[in-house]
Amino acid sequence: MLLLVAGLGAGLAAVIGVATPHVPGTLGAAGSAAWVALLPGVLAVLVTAIRPIAGLALVAGAGIAGIARLLADLFVLLQPESVARPELLYPLSATAFPLRTGAGGWVLVLADLLAVLAGALAARALARTIRELGGAVLPDSADGVRGSGFVGHGDVDGQGHDLGDGDGDGDGDPWRSDDGSVGPAPAVRNMQMLAVGFIAIAIFGFSAIQATYTGGYIDMMLFVPGSDAGTVIAPFLLAFVALCGVVVAGGLPRTVAVSLLGGIAVAVAVPAITALVVAGTDAPVQVSSSVVGVLTGAVVLLLAGLLTRARWRSSDPVPGSAGVGSEGVGSRVGSDGAARDTAAGSTGFRWAAAVLGLLAGVLLVVGRWLDVFGGRGPVQTVTDQGDLANDSTGLSFLVAGIVLVLSGAVALIGRSGPGRAGRAALTVVWGAAVWALARPISLLGEYRSGTDQAELALSGGSLTPEQRALVDATVAHWSIGPGMWCALVAATLALVAAVLAGLALARELDEVTSVRDDDAAEASAQLRRRLAAGLAVVTVIALALPLSQRGGVTTAALFSLGADSSWAGWAVLVAVLVALVVGASSSSGWIALGALTGAAGVMLCYVLPPAGLRADAGFATGAGTVAGWVVVVLLLAGAPVMWWSASRVAPAAVPPSLIEAEPGPSGRAGQQRGQSRERGESREPKRRPKGRRR
């Protein structure tokens, strides 16, 4: 709740005013963008209602990451004229300077302090809860079990080897290999998760140190807004917090790890989302492509949590469950309650992700029939340019909306295979929503640039009276319209749905104990990795080629600095790469199928040229369009291949509670071993399965 109050305070700070101009009425603010600060708090309330321990982790991550925001906001108090924060202030005239600190500045800093306090309290509560649950362990690499750190009493692996008492404590239990040697089980580390997390930090860290806003009043200032020490140091501090979060998350169970990194990712993404909202207001600035890198790094950081291998040490990860802390770590406690709680948590995430995905799709479809921009000025100019904007964005809105609606509808099926495919698609199709939003952002920048040039000519005094009258009759001023608002909200909801869908998949994978043939699994993984690598190369080539040309301007070429909407092309690339990584690494064929199908939908939205552009006399299809269609076909063809490859070695889903509760002969033998262990008797060394020698 403190995190939500902090977001409310940040929004109110812009309304109150963080600074006072020298001449009244010469200072403006894109106040609507400041309310994006509510996003972490709203998301925390939603996640906490579904899964309290996940909510604690999310608040801890988002709140502690707020330290970087606190540092940046301190300079709103100390040097308000040196910050580039159009959601809080921007000058309308040079007479606005010097600026004096307003009451809103103090409210802003107080809100940041509340956010940090909320994170500290949540981190403390989370640590206490994890201790009560017995902590988490990494699964033994030699236990023959993938995806779980637990084995039941007297369990056997797929080759019939006894796995011992299966306490999974990883504290040096004896293991006997086929050659008769006995020793501790080899240690396992979350190297994949750490590597992906560090890559995510590098992505958003490099992007965050670049200027978020360009053009407008920033280019006309004698000093450089955004050059204050807080703005310069904050990205490095945020990267350090994220680095600590990745290291800590490596020892946490998947749901908690995803939530912790998700909280940090939301804190990272808030300034970038704020910048996108600012782009749709009357603020005299333009948004740089660095926001795409920040959002990309945030999404990759979130997905890194899915790679953790740590699991709950106790079989009942529920605070206050019967038996927790009374029978010792690894004891048989409340298995049925744990299963019910796990099912309830994953069900909540599933429903929330599916509903938000559906809502995002519906908003995009509705936005197709609404005006993208709001204009004031000459009626004919507003009508003509407004119709062109609607025609240029309508098809992207419609296709992206259909893709999101289909993904959300399939995700509603439930815990079945198709339901997992829908949730996997939701973790990817946010790229379609971002691409649909890119075109109106680009057009709005073009329209405002034309308006700025006309006004500059008017103020220069170089026009004749007849020319001045002509410009006055043709200049229009533009702002965000209802259609673009729908796209902005839809893109935000699609990103939230991706987070919740990832949490749902993480919860479902946590419930499964897997017994599988290592050789077959490795062969399947190699096939899918090679296929994913090939598709990744083809996708990069396709997106690097110009999608189209209009009036000599290249559209959406990745490595062309002057290309129109190239930043959104990077978002599409990230979405497709995420799908390929999920398809190559997941043990579920349905997840692989859904991820690649969702990526095909994103690419389909990318390659379809808007009707407004096709009607332009200077429009020409680029090589990227043809290559993009090839990628769509290859993704659709590769999806069933990955499904088949993963499904043929897919493990049987067996709830841990059933494994430990079965009273069969192996269960009784396991109980006898556990009883003799309690009496201090010696233990028979475990046997290491074949094919797992070190």
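Anyway, here's the lowdown on the structure attached to this text. (Residues numbered from 1 in each chain as written. Predicted model: local features only at pLDDT ≥ 70, side-chain atom pairs only at ≥ 80, totals over all residues. Heavy atoms only, no water.)

Time to look at the nonpolar core. Of all hydrophobic cores here, the largest spans 162 residues; its most connected members are Leu301, Leu364, Phe373, Trp430, Leu500, Met603 and Leu635. Setting aside its immediate chain neighbours within four residues, leucine 364 contacts Phe397, Ala400, Gly401, Leu404, Ala433, Ala436, Ala487 and Ala490. Among the nonpolar cores identified, the runner-up in size contains 14 residues, and Ala10, Ala13, Leu99 and Leu108 belong to it. (Core = buried A, V, L, I, M, F, W, Y, C linked by side-chain atoms within 4.5 Å. Buried < 20%, exposed > 50% of the residue type's maximum accessible area, 1.4 Å probe, protein only. Contact = heavy atoms within 4.5 Å.)

Okay, helix H3 (residues 39-50) next. Counted at 1.5 Å a residue, the expected span for H3 with its 12 residues is 16 Å, and the 17 Å between its end C-alpha atoms agrees. Burial in H3 covers these residues: Leu39, Pro40, Gly41, Leu43, Ala44 and Val47. (Helix = DSSP H or I, 4+ residues; strand = E, 2+ residues; numbered from the N terminus. Expected span 1.5 Å × (residues − 1).)

Next up on the list: the environment of alanine 122. Note that alanine 122 resides in helix H5 (residues 103-132). Its relative accessible area of 5% is what places alanine 122 among the buried residues. Taking C-alpha positions, alanine 122 is 8.8 Å from glycine 61, a pair spaced 61 residues apart along the chain.

Put simply, helix H12 (residues 379-411) and helix H19 (residues 589-607) touch, their axes get as near as 9 Å, and they point 175° apart. On the basis of the axis angle, H12 is roughly antiparallel to H19. Two secondary-structure elements touch here, H12 through Ser396, Val399, Ala400 and Val403 and H19 through Gly601, Leu604 and Cys605. Here the contact of H12 with H19 is composed, by residue class, of 5 nonpolar, 2 polar and no charged. (Axes fitted to C-alpha atoms, helices over the stretch in contact; angles between N-to-C directions. Parallel < 35°, antiparallel > 145°, perpendicular 65-115°, else oblique. Nonpolar A, V, L, I, M, F, W, Y, C, P; charged D, E, K, R; others polar.)

What follows covers empty space enclosed by the protein. All told, the structure shown has 5 cavities of 30 Å³ or more when counted by the stated rule. If you add up the space inside the largest cavity, you get close to 240 Å³. Lining the largest cavity are 17 residues; nearest its centre among them are Val266, Ala269, Val299, Leu495 and Val499. Every element with two or more residues in the lining of the largest cavity is listed here: H3, helix H9 (254-279), helix H10 (290-304) and helix H16 (482-510). Class assignment for the residues of the lining of the largest cavity results in 15 nonpolar, 2 polar and no charged. Approximately 90 Å³ is the volume attributed to the second largest cavity. Forming the walls of the second largest cavity are Ile273, Leu276, Val277, Leu295, Val434, Leu437, Leu488, Ala491, Thr492 and Leu495. Contributions of two or more residues to the lining of the second largest cavity are made by H9, helix H14 (430-460) and H16. Ranked by residues supplied to the lining of the second largest cavity, first place goes to H16 with 4 residues. (1 Å grid on protein atoms, 1.4 Å probe; cavity = no way out; pocket = protein on both sides within 12 Å on 5 of 7 lines; lining within 4 Å. Points joined across faces, edges and corners; volume = space filled by probe spheres on them.)

What follows deals with the environment of glycine 419. If you trace the backbone, glycine 419 turns up in helix H13 (residues 417-426). Not counting the four nearest positions on each side in its chain, glycine 419 is found in contact with Val410, Ala411, Ile413 and Gly414.

Okay, a nonpolar patch on the surface next. Together, Leu8, Leu12, Val15, Ile16 and Trp35 make up an exposed nonpolar region whose accessible area comes to about 440 Å². Looking at the element boundaries, valine 15 is found in helix H1 (residues 2-16). (Patch = residues over 30% accessible without salt bridge, like charges linked within 9 Å, V, L, I, M, F, W, Y side chains within 5 Å. Areas by Shrake-Rupley, 256 points an atom, 1.4 Å probe, with all protein chains shown as cover. Salt bridge = Lys/Arg side-chain N within 4 Å of Asp/Glu carboxyl O.)

None of this, on its own, says anything about what the molecule does.
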